[in-house]
Number of protein chains: 2
Amino acid sequence: MTYVNAGTLGTLPGKRDELVSRLTQRNDRLRELGCTAYEVGVNEDEPETVFVVELWESAAAHQASLRQPDVMAAIADARPLLDGRFGGFRFEVVGSPLRGD
Amino acid sequence: MTYVNAGTLGTLPGKRDELVSRLTQRNDRLRELGCTAYEVGVNEDEPETVFVVELWESAAAHQASLRQPDVMAAIADARPLLDGRFGGFRFEVVGSPLRGD
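No experiment lies behind these values; they were computed from the predicted model shown.

### Some points on the overall build of chain A
Then step 1. In terms of helices and strands, chain A carries 4 helices and 4 strands.
Then step 2. Relative to the 2.2 N^0.38 estimate, which gives 13 Å for 101 residues, the radius of gyration of chain A is 14 Å and therefore close to what a compact globule would have.
Then step 3. When its C-alpha atoms are laid out on the principal axes, chain A stretches across 45 × 35 × 20 Å.
Then step 4. When burial is assessed residue by residue, chain A has 47% of its 101 residues classed as buried.
Then step 5. Put simply, of all contacts in chain A between residues at least 6 apart along the chain, 71% involve residues at least 24 apart.
Then step 6. For chain A, the exposed area adds up to about 5,100 Å²; of that, 52% sits on carbon and sulfur atoms.
Then step 7. Side-chain charges of chain A comprise 11 positive and 16 negative groups, with the mean position of each set lying 4 Å from the other.

### A short note on the UniProt feature "domain: ABM" (unreviewed entry) in chain A
Then step 1. Following the UniProt record, the feature "domain: ABM" (unreviewed entry) maps to residues 3-93 of chain A here.
Then step 2. In the segment residues 3-93 of chain A, helix accounts for 32% and strand for 41%; the C-alpha atoms at its two ends are 6 Å apart.

### Re the sheet that holds strand 4 (residues 82-95) of chain A
Then step 1. The strand order around the closed barrel built from 8 strands is 1(A)-3(A)-2(A)-4(B)-1(B)-3(B)-2(B)-4(A), with neighbouring strands paired in antiparallel fashion. Averaged over neighbouring strand pairs, the angle between their axes works out to 35° when direction is ignored.
Then step 2. Of the pairings in the sheet, the one linking strand 1 (residues 3-11) of chain B to strand 4 (residues 82-95) of chain B comprises 8 bridges and is antiparallel in character. The residue bridging Ala6 of chain B from the neighbouring strand is Phe89 of chain B, located in strand 4 of chain B.
Then step 3. Seen against the sheet, helix 1 (residues 16-23) of chain A touches strand 1 (3-11), strand 2 (35-42), strand 3 (49-56) and strand 4 of chain A together with strand 4 of chain B and runs at an angle of roughly 20° to strand 3 of chain A.

### Some words on the environment of Cys35 of chain B
Then step 1. Among the structural elements, Cys35 of chain B can be located in strand 2 (residues 35-42).
Then step 2. Considering only alpha carbons, one finds Cys35 of chain B and Thr2 of chain B, 33 residues apart in sequence, at a separation of 9.6 Å.
Then step 3. Every residue in contact with Cys35 of chain B, bar those within four places of it in the chain, is listed here: Leu98 of chain A together with Leu30, Leu55 and Trp56 of chain B.

What counts, and where the lines are drawn
Residues numbered from 1 in each chain as written. Chains lettered and ligands numbered in written order. Predicted model: local features only at pLDDT ≥ 70, side-chain atom pairs only at ≥ 80, totals over all residues. Heavy atoms only, no water. Helix = DSSP H or I, 4+ residues; strand = E, 2+ residues; numbered from the N terminus. Rg over C-alpha atoms; globule rule 2.2 N^0.38 Å. Buried < 20%, exposed > 50% of the residue type's maximum accessible area, 1.4 Å probe, protein only. Contact = heavy atoms within 4.5 Å. Areas by Shrake-Rupley, 256 points an atom, 1.4 Å probe, with all protein chains shown as cover. Lys, Arg positive; Asp, Glu negative; His and termini not counted. Charge placed at Lys NZ, Arg CZ, Asp CG, Glu CD. UniProt positions renumbered as here; feature names shortened; annotations may be inferred. Pairing = 2+ DSSP bridges. Axes fitted to C-alpha atoms, helices over the stretch in contact; angles between N-to-C directions.

This is the structure we're talking about:
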């Protein structure tokens, strides 16, 4: 069942764009790990927040990705840009009006 | 620029699945209006919440869709199922590690 991680990442002042550029660097590993969509974005009303929406083949695939050494290293690399504000939600997809399932 | 609406809808006790079934009914109008993805889901940790992630061709397309009579009617029809808790966030997509843009 497709699994969605919709998250917000608070950044330190002036660090938003650096985090965006890291998160949007080409990374084919994610698809190998079961990520089917990963959208990174901003909202000018919240200048020190980066937004992500990720779709994964399953919750298990998402969880397993977080235990991969290269993914853990990327997260650790980005941590100095973050101010500790984390938000968002996660859910299992049950259908879509675009598919009618 | 792709626009994301990631939202949570609080439902009255026992009404979650009815809202899910309405939101997942096939609706080709949404694609005509510029919706490129619309995922509906649940999280067993929050049994009275429905989660949605929508991708739109632009913020303007999303805004315009909310002024369409049939979309407004569908929202009005669903309102009796809701308990007034609304959450989530919206953002403009700036890139993806799956595309490297």
